[in-house]
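Inside the fold
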Amino acid sequence: MESPTGAPEGTAFPPDLERLGIVTGAKIDIRELDRLGKRNNFQVFLYFEEALARSSTLPEDLQEYGDVPDLERPFIRLDAFLRFAAESDPLFTRRLDELPLVIEVVAYGQIKIQGRPVPYVKGVMPFLDELTMEETPGVS
């Protein structure tokens, strides 16, 4: 599928990202994916709906959900998600130490931001039932 930059979104990743382990199907801790994106100048978009992540492109989704507030869309930029989660739950970062969120990488592409192409990676958030929940000590 073609994006407005002329670069298709797909499952082929540039060699520099492949060397970092960012390829289709890779499962990466959310904090590491955030660090990699910042260090290597790409944006990460998290999808809450796996079918949408796999069947559409980010440019299509940005157009379709353009009038929907960011926090109500079925996808969000990783940095915005982490910021929102930390503001909503002061223990969020510590909880990630206890129960890491692992994101599955599904696609790579480019979008135009302020007139210049910006690479992005799409990932799927795990469903709550996929997370391994440990019993909290002292709670029955």
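Since this is a predicted model, take the numbers as computed values, not measurements. All residue numbers refer to positions counted from 1 along the written sequence of the respective chain. Local features in a predicted model are, by the rule used here, given only for residues with pLDDT of at least 70; side-chain atom pairs are given and counted only at 80 or more, and totals for whole chains, interfaces and linings are based on all residues. With hydrogens and water stripped out, all remaining heavy atoms of the structure feed into the side-chain values.

Considering the overall build of the protein
The criterion, for reference: In this description a helix means any DSSP run of H or I spanning at least four residues, a strand means any run of E spanning at least two, and both kinds are numbered starting from the N terminus. Remark: exposure states derive from per-residue accessible area (1.4 Å probe, protein chains only) relative to the maximum for the residue type, with buried under 20%, exposed over 50%, and partly exposed in between. Note on contacts: a residue pair is in contact if any heavy atoms of the two residues lie within 4.5 Å.
Counting its regular elements, the protein contains 6 helices and 5 strands. The order of helices and strands in the protein, counted from the N terminus, is α-β-α-β-α-α-β-α-α-β-β. The 140 residues of the protein split such that 40% are buried. A fraction of 66% describes how many contacts in the protein between residues 6 or more apart in sequence connect residues 24 or more apart.

Quick look at unusual backbone geometry
The phi dihedral of asparagine 41 falls on the positive side, at around 55°, and the residue is not glycine. The exposed category is assigned to asparagine 41, whose relative accessible area is 59%. Positive phi, normally seen in glycine, also occurs at glutamine 114, with a value near 50°. Take glutamine 114: it is sitting in the loop between strand S4 (102-113) and strand S5 (116-124).

A short note on the pattern of salt bridges
Working definition: two side chains of opposite charge can pair if their charged atoms are close together. We apply this condition: For this document, the term salt bridge refers to a Lys or Arg side-chain nitrogen within 4 Å of an Asp or Glu carboxyl oxygen.
Throughout the structure, instances matching the rule amount to 10 salt bridges. Put simply, arginine 73 and aspartate 70 hold a salt bridge, and the shortest N to O gap is 3.4 Å. When salt bridges with common partners are traced through the structure, they connect Asp29, Arg31 and Asp97 into a single cluster.

Notes on the nonpolar core
Nonpolar side chains in soluble globular proteins tend to end up buried together. As a reminder, the rule being used: Buried Ala, Val, Leu, Ile, Met, Phe, Trp, Tyr and Cys residues that are joined via side-chain atoms within 4.5 Å together make up what is termed a nonpolar core.
In terms of nonpolar packing, the biggest core is built from 25 residues, with Ile22, Ile30, Leu46, Phe81 and Val121 touching the most fellow members. Taken together, the elements giving at least two residues each to this core come down to helix H2 (30-40), strand S2 (43-47), helix H5 (78-88), helix H6 (92-98) and S4. Per-element accounting of this core gives the leading share, 5 residues, to H5. Ranked by size, the runner-up nonpolar core spans 12 residues in total, among them Leu52, Ala53, Phe75 and Tyr120.

Topic: H5
Every buried residue belonging to H5 is among Leu78, Ala80, Phe81, Leu82 and Ala85, and all of these are buried. Of the surrounding elements, those touching the buried residues of H5 are H2, S2, strand S3 (75-77) and H6.

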